[in-house]
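Okay, here's what each chain looks like letter by letter:
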Amino acid sequence: MAVTKAARNKFEGLIAPHLGIVVDVLGVKDVGEGTIIAGDGAAYYEANVEVLALRPELQEVVFGRIKDITDFGAFLTMGPVDGMIHISQTMDDFVSFSKDKVLLGRDTKRTLRVGDLCTARVIAVSYKDIANPKIGLTMRQPWLGKAEWSEKPAAKEGEEEKEEKKEDKKEDKKEKKEEKK
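Here is what the cut-offs are and how they apply
- Residues numbered from 1 in each chain as written.
- Predicted model: local features only at pLDDT ≥ 70, side-chain atom pairs only at ≥ 80, totals over all residues.
- Heavy atoms only, no water.
- Helix = DSSP H or I, 4+ residues; strand = E, 2+ residues; numbered from the N terminus.
- Buried < 20%, exposed > 50% of the residue type's maximum accessible area, 1.4 Å probe, protein only.
- Polar contact = N/O pair within 3.5 Å; in protein donor to acceptor, adjacent residues only side chain to side chain.
- Contact = heavy atoms within 4.5 Å.
- Patch = residues over 30% accessible without salt bridge, like charges linked within 9 Å, V, L, I, M, F, W, Y side chains within 5 Å.
- Areas by Shrake-Rupley, 256 points an atom, 1.4 Å probe, with all protein chains shown as cover.
- Salt bridge = Lys/Arg side-chain N within 4 Å of Asp/Glu carboxyl O.
- Lys, Arg positive; Asp, Glu negative; His and termini not counted.
- Charge placed at Lys NZ, Arg CZ, Asp CG, Glu CD.
- Core = buried A, V, L, I, M, F, W, Y, C linked by side-chain atoms within 4.5 Å.
- Phe/Tyr/Trp six-rings, centres within 6.5 Å; stacked < 30°, edge-to-face > 60°.
- Pairing = 2+ DSSP bridges.
- Axes fitted to C-alpha atoms, helices over the stretch in contact; angles between N-to-C directions.

## Brief notes about the side chain of Thr 138
Logical step 1: Mapping Thr 138 onto the fold places it in strand 11 (residues 134-138).
Logical step 2: With a relative accessible area of 4%, Thr 138 lands in the buried category.
Logical step 3: Here Arg 140 takes part through its backbone nitrogen, which lies 3.3 Å from a polar atom of the side chain of Thr 138.
Logical step 4: Here Thr 138 is in contact with Gln 89, Ala 120, Arg 121, Ile 123 and Leu 144, once residues within four sequence places are set aside.

## Here's the deal with a positive patch on the surface
Logical step 1: Where like charges cluster on the molecular surface, the positive patch consists of Lys 169, Lys 170, Lys 173 and Lys 176.
Logical step 2: Relative to the assigned elements, Lys 176 resides in helix 2 (residues 154-180).

## Overview of the environment of Pro 80
Logical step 1: Considering the arrangement of structural elements, one finds Pro 80 in the loop between strand 5 (73-78) and strand 6 (81-86).
Logical step 2: Pro 80 sits 57 residues away from Val 23 along the chain, and the two C-alpha atoms are 7.1 Å apart.
Logical step 3: Excluding residues within four positions of it along the chain, Pro 80 makes contact with Ile 21, Val 23 and Leu 54.

## Overview of the nonpolar core
Logical step 1: Counting 24 residues, the largest nonpolar core has Ile 66, Leu 76, Leu 112, Leu 137 and Met 139 as the members making the most contacts within it.
Logical step 2: Of all the secondary structure elements, the ones that give two or more residues to this core are strand 4 (61-70), strand 5, strand 6, strand 10 (117-126) and strand 11.
Logical step 3: In this structure Met 139 touches Ile 85, Gln 89, Thr 90, Leu 112, Cys 118, Thr 119, Ala 120, Leu 144, Gly 145 and Trp 149, once residues within four positions along its chain are discounted.

## What about the packing of aromatic side chains?
Logical step 1: This model, assessed by the stated rule, comprises one aromatic pair.
Logical step 2: Geometrically, the ring pair formed by Phe 72 and Phe 75 is edge-to-face, given 6.1 Å between the ring centres and 90° between the ring planes.

## Observations regarding the sheet that holds strand 8 (residues 102-105)
Logical step 1: Taking strand neighbours across the sheet as the criterion, the three strands line up as 7-8-9 in an open arrangement whose pairing is antiparallel. Each end of this open sheet is capped by a strand with a single partner; those strands are strand 7 (95-98) and strand 9 (111-113). Sheet twist, expressed as the average angle between the axes of neighbouring strands with direction ignored, equals 20°.
Logical step 2: Relative to strand 8, strand 7 runs antiparallel, the two sharing four bridges. In the strand pairing of strand 8, Ser 98 is matched with Val 102.

Following this line, the structure appears as structure tokens:
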């Protein structure tokens, strides 16, 4: 128990490029013989520790909740860490920022608000500042972004409406021809 407690104190919250972000210590596997250093009354043990860590990989698809929206983009919470989505990467549209902390697409009328659940793709990971890793995200690809955005691809929404209107006009013309006969 003491070894597990010491491992938790040492590793939980640790951020390292080769591990990622350590979320939890799951357990201690093997504990070797203890060593006592002269002048220090503590015993030191070599141990194998099993940890749960989040290590974002490039091109990985992640799911999270919008934590904050600023004039330059949105922050997506992915468990123990936040990723940043630049305003140009939020959607395939011209995006404007409102004072109500809402991002609005000009043509598609899509909105992004604090608290929205979204899917994004990891496009950059930097551990330059170990205390604050940077994760860049995008939602511009099909099937990324808010769930309701995936129901119809944005570029095709207007095209489908035009097609439906054309079909309705054709049907009306056929009905008029049949009425004249």
